[in-house]
Amino acid sequence: MPKRLIPIIVAIISLTTCVSSFASCSEHKKNGGTLITDSIGFEKKDKFVECRITVDVPVDDGDVLCNIVREFISDELGGSYTGGYADMDSLLSFYGRMKYDEMYDAAKEAGSPYSVPYSYDASIRKVYETGKLVTYQTVISEYWGGAHPLTVSTAVTFRKSDGRRFGKEIFNASFNEKSSEILSEGLKKHFEVKTDEELKSCLLGMENFIIIPMPQNPPYFTKDGIVLSYGQYEIAPYAAGMPAVLIPYDEAKSLLKVSAREMIER
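To keep things clear, this report deals only with the structure shown in the data block. None of the values given here were measured: they were computed from a predicted structure. Residue indices begin from 1 for each chain and proceed along its sequence in written order. Local features in this predicted model are restricted to residues whose pLDDT is 70 or higher, and side-chain atom pairs enter the listing and the counts only when it is 80 or higher, whereas totals over whole chains, interfaces and linings include all residues. Just so you know, side-chain values use all the structure's heavy atoms and leave hydrogens and water out.

What follows concerns the overall build of the protein chain. Under the scheme used here, helices are H or I runs from DSSP no shorter than 4 residues and strands are E runs no shorter than 2 residues, and both carry numbers assigned from the N terminus. Across its full length, the protein chain holds 7 helices and 9 strands. Going through the 266 residues of the protein chain one by one, you find that 41% of them count as buried. Only heavy atoms matter for contacts: two residues are in contact if any of them lie within 4.5 Å across the pair. Sequence separation of 24 or more characterises 55% of the internal contacts of the protein chain that already satisfy a separation of 6 or more. For every accessible area listed, the method is Shrake-Rupley and the probe measures 1.4 Å; residues are considered covered only by the protein chains on display. In the form shown here, the protein chain has an accessible surface area of approximately 14400 Å², with 53% of it arising from carbon and sulfur atoms. Relative accessibility under 20% of the residue-type maximum defines a buried residue, over 50% an exposed one, and the middle range a partly exposed one, all with a 1.4 Å probe and only protein chains included.

Put into structure tokens, the structure is as follows:
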């Protein structure tokens, strides 16, 4: 064989192996494999501002779920980046520098640095995964001076096969009929109380409540069951944090539509 043909043949073999690997990884994921991620971040701080972002970025294997989750990460950080999702380091730098500049200008306008700097801390992490689904949790905490930071914590579950994002539509009519009762009992467990009167004392503006409202956040899948979580101040005072209700999977099965129930059935 002529020596000049050897590099060409090696290159062709390498390219074929690479393409095969991407296809295999993508198909493996749809059939129960792991969503492989890299943890990357951005940090910039000084006496005025501390800005940090940490995310679990899906490794780019050409799969639809990878692109959907990368887009989701951008949306969670503001949704204004126009550079695409191939270079996630550049994406984080864009959002991090934008937030840093915004807070730095506000801190300078305030006159002098506080004993505690203005701060922005964003975390978007993969927190649960099975062969059929993956759950990401976003926690963003901002401090602009004052008594305490404001924190937003949400989570979302994706179906691996096509990237579908599950929301409140997962529940069937049976849940809708029982939702207030389910939420009430779940909140009693959260606050470790037993009676309606005790629960009322833990909540905001619920002195005469009849129906417990659904959280604004979407439900999400965890190891122990489906979680319904309330935001800061949504239903309880700041000191109570962000109350959550867990519906164990054994109980949840009868409350879910088929598309969601299939996600927890073996």
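Picking up where we left off.
With that settled, consider the pairing of strand β5 (residues 150-159). Side-chain direction in a regular strand flips from residue to residue, so the side chains alternate between the two faces of the sheet. Extensive coverage of β5 is indicated by the burial of 8 of its 10 residues. We treat two strands as partners when DSSP finds at least two bridges between them. Here strand β4 (residues 133-143) runs beside β5; their pairing, made up of 10 bridges, is antiparallel. Note on β5: the bridge partner recorded for T138 is T154. From the end of β4 to the start of β5, which pair antiparallel, there are 6 residues, and G145 there has a positive phi angle of about 90 degrees. With 2 bridges connecting them, β5 and strand β6 (residues 165-166) associate as antiparallel partners. The residue bridging T157 from the neighbouring strand is F166, located in β6. Following β5, the chain reverses through 5 residues before pairing antiparallel with β6; G163 in that reversal takes a positive phi of roughly 80 degrees.

Secondary-structure assignment places G167 in the loop between β6 and α4 (173-191). For the pair formed by G167 and V156, sequence separation is 11 residues and the distance between their alpha carbons is 7.6 Å. Not counting chain neighbours up to four residues away, the residues in contact with G167 comprise P218 and P219.

Looking now at the side chain of T135. Tracing the chain through its elements places T135 in strand β4. Classification of T135 by relative accessible area gives buried; the value is 0%.

This paragraph deals with helix α2 (residues 64-76). Turn by turn, an α-helix covers 3.6 residues, leaving residues three or four places apart pointing in a common direction. Working rule for helices: expected span equals 1.5 Å times residues minus one. For α2, built from 13 residues, the straight-helix expectation of 18 Å at 1.5 Å per residue is met to within 8% by its first-to-last C-alpha distance of 18 Å. Listed as buried for α2 are L65, C66, V69, R70, F72, I73 and S74. Looking at the residues trailing α2, positive phi occurs at G78, about 140 degrees.

With that out of the way, let us pick up a nonpolar patch on the surface. A patch consists of residues whose relative accessible area exceeds 30% and which take part in no salt bridge; residues with like charges are grouped when within 9 Å of each other, and nonpolar side chains (Val, Leu, Ile, Met, Phe, Trp, Tyr) when within 5 Å. Think of a salt bridge as a Lys or Arg side-chain nitrogen and an Asp or Glu carboxyl oxygen that are within 4 Å of each other. Taken together, the side chains of L150, L204, Y233 and Y238 present a nonpolar region at the surface, about 370 Å² in accessible area. With respect to the helices and strands, L204 occurs in the loop between α5 (196-200) and β7 (220-221).

Here the focus is the packing of aromatic side chains. The relation between two aromatic rings is expressed through the spacing of the ring centres and the mutual angle of the planes. Here is the rule: rings of Phe, Tyr and Trp (six-membered ring for Trp) pair when centre to centre is within 6.5 Å. Planes less than 30 degrees apart are stacked, more than 60 are edge-to-face, and the remainder are tilted. Applying the stated rule across the entire model yields 12 aromatic pairs. Plain terms: the ring middles of Y233 and Y238 are 6.0 Å apart, the flat faces sit at 35 degrees to each other, and that makes the pair tilted. For Y238, a relative accessible area of 30% puts it in the partly exposed group. One aromatic cluster in this structure is built from F48, Y100 and Y104.

Once that is clear, we can look at the sheet that holds strand β8 (residues 225-229). Here 3 strands make up an open sheet; going across it, the order is β7-β8-β9 and the pairing antiparallel. Either end of the sheet is taken by a strand with one partner, and the two such strands are β7 and β9 (244-248).

Located in the positive-phi region is E192, a residue other than glycine, with phi close to 60 degrees. Mapped onto the fold, E192 is located in the loop between α4 and α5. Using a relative accessible area of 73% as the deciding quantity, one classes E192 as exposed. Phi angles above zero are rare outside glycine, and Y233 is one such case at about 70 degrees.

This part covers the pairing of strand β3 (residues 118-129). As paired elements, strand β2 (residues 49-58) and β3 share 7 bridges and run parallel to each other. In the strand pairing of β3, C51 is matched with Y120. What sits between the antiparallel neighbours β3 and β4 is a turn of 3 residues.

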